[in-house]
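# Coordinate analysis (summary)
Each chain is listed here by its residues.
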Amino acid sequence: MDKALKPNEVEEWFPLDVQTKYIEHIVHQPGLKITLRQATYFVRLWGYGYLMQRGMDHAPISTLKRQVSSFYCSHRDAADLFYTQTQGTHRAAGQMLDKLASKNLLRRGEADGVATRLSLNIPHSFEIVEDDEDDTFYPDSFDPRNDSTLVANILENVYSYDSERPESMLHSIKRGLRQWARQYPEGLRVLRRSSNKEPIGFAALLPAHPDSEEKFDLSPSRSLHLSRLDVREEDPIKIATKGDPDCYTVFVRSWQIQFNVWTYENACEFIKDSQMTLRNMRDNFPNLSDLYTIAIHPLSEDFALTLGFRMTKADPDSSLRWLYMPLDRFLELDYEDLLLNFDYSHRYG
């Protein structure tokens with residue numbers, strides 16, 4: 001006989017690490033305005049409905065499928081499901097169901113006097129496609145014709161963490177990528193999946209024009225990071241002309257790997273490629289000495305700090321801050337040791 005499905009035992013039949021994987025995946029869906037708490041409760045409802053349909057012999061949950069039949073759920077059951085480690089009332093649970101319904105993530109059906117029939121509206125993009133463990137990845141040049149849209153979508157997912165991002169962000173990112181590819185293609189690199197040749201990582205290492213160097217001593221928002229580029233404005237960080245002896249700074253405009261494939265092996269491979277790219281860049285700009293970057297997502301900032309970047313100028317109006325490292329030090333990094341204990345599964349809301 002199957003064990004009963006108890007909402008207040010959600011962490012037993014739906015492990016927290018699996019919940020967290022889906023929560024972060026949903027929170028970073030492009031165009032979806034949802035809080036970490038709302039995503040958490042929706043994922044728990046999804047898991048509850050999934051086991052209501054399939055039975056407890058499918059517990060503990062490791063993967064969720066979007067095909068979930070409607071199911072009855074009382075406000076009491078919802079409260080037990082939602083508030084396992086916090087205080088929450090039946091009324092608060094009902095209000096959360098209303099909030100999720102207002103986002104078109106569920107529909108309320110008929111009631112039996114105690115419980116209401118819920119139908120979940122689960123977009124296909126909410127499912128997580130597990131990567132083939134045998135697949136490999138390799139660094140390559142950025143191809144603006146075939147990579148711009150794919151890379152822009154990767155970056156939009158990352159930059160969705162930025163609450164101040166403009167609505168035109170995706171278009172602005174594509175515009176920025178193509179513009180940089182014309183001006184300094186040698187600084188744009190991708191990490192490709194071997195099986196389909198699609199990019200899963202992107203780096204933009206661009207030499208800053210001497211006239212733009214003052215921006216690195218001002219508030220970071222004055223630089224207009226890639227996620228803040230406005231198609232109506234001129235990029236304040238100009239790219240230097242090859243051979244300019246007064247070019248001292250490389251602006252790491254972007255350095256990202258898709259969250260689901262951000263692993264030790266891939267990080268090391270991409271850092272190694274970045275070192276090679278910067279060594280080649282010094283052939284064009286012999287006096288390069290400084291590396292600056294801005295990290296929008298906390299995982300990216302933790303990664304940079306682990307490598308040895310140091311915070312310099314913070315932004316009084318946002319969480320942005322400049323991160324700095326001498327170029328020579330970056331080129332000498334023993335990154336394999338530095339990155340060995342980094343938490344690649346770190347989750348943020």
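No experiment lies behind these values; they were computed from the predicted model shown.

Thresholds applied
Residues numbered from 1 in each chain as written. Predicted model: local features only at pLDDT ≥ 70, side-chain atom pairs only at ≥ 80, totals over all residues. Heavy atoms only, no water. Helix = DSSP H or I, 4+ residues; strand = E, 2+ residues; numbered from the N terminus. Buried < 20%, exposed > 50% of the residue type's maximum accessible area, 1.4 Å probe, protein only. Contact = heavy atoms within 4.5 Å. Areas by Shrake-Rupley, 256 points an atom, 1.4 Å probe, with all protein chains shown as cover. Axes fitted to C-alpha atoms, helices over the stretch in contact; angles between N-to-C directions. Parallel < 35°, antiparallel > 145°, perpendicular 65-115°, else oblique. Left-handed = near helix turned anticlockwise from the far one by under 90°. Nonpolar A, V, L, I, M, F, W, Y, C, P; charged D, E, K, R; others polar. Phe/Tyr/Trp six-rings, centres within 6.5 Å; stacked < 30°, edge-to-face > 60°. Core = buried A, V, L, I, M, F, W, Y, C linked by side-chain atoms within 4.5 Å.

Check the secondary structure of the protein and you find 11 helices and 10 strands. Buried residues in the protein amount to 50% of all 349 residues. For the protein, the share of sequence-separated contacts (at least 6 apart) that also reach a separation of at least 24 residues comes to 72%. Counting every atom, the protein has about 16900 Å² of accessible surface; 45% of that belongs to carbon and sulfur.

Here we take up the packing of helix α3 (residues 36-54) against helix α4 (residues 75-82). Orientation of α3 relative to α4, taken along the N-to-C sense of each, is 115 degrees, at an axis distance of 10 Å. For the element pair α3 / α4, the angle class is roughly perpendicular. Seen along the crossing, α3 lies across α4 with a hand that is right-handed. Mapping the contact onto sequence places Tyr41, Arg44, Leu45 and Tyr48 in α3 and Asp77, Leu81 and Phe82 in α4. Considering only residue class, the contact of α3 with α4 consists of five nonpolar, no polar and two charged.

In this section: the packing of aromatic side chains. Evaluated as defined, the whole model comprises 23 aromatic pairs. Taking the centre distance of 5.3 Å and the plane angle of 75 degrees together, the rings of Trp262 and Phe303 count as edge-to-face. Taken together, the residues Trp262 in the loop between β7 (249-257) and α8 (264-284) and Phe303 in helix α9 (residues 298-307) connect sequence positions 41 residues apart. Given a relative accessible area of 3%, Phe303 falls into the buried group. Three or more aromatic residues joined by ring pairs make a cluster, and in this case those are Phe216, Phe251, Tyr292, Trp322 and Tyr324.

With respect to the secondary-structure elements, Ala115 resides in strand β3 (residues 115-120). For the pair Ala115 and His75, spaced 40 residues apart in the sequence, the C-alpha separation amounts to 7.1 Å. Residues within four places of Ala115 in sequence aside, it is in contact with Tyr72, Cys73, Ser74 and Glu110.

Core analysis: the biggest nonpolar cluster contains 55 residues, and Phe202, Trp255, Trp262, Leu278, Phe303, Phe330 and Leu339 have the highest contact counts within it. When near neighbours in sequence (up to four residues on either side) are disregarded, Phe303 contacts Trp255, Trp262, Ala267, Ile271, Leu339, Phe342 and Tyr344. The next biggest cluster of nonpolar side chains, apart from the first, holds 42 residues, and it includes Phe14, Ile23, Trp46 and Cys73.

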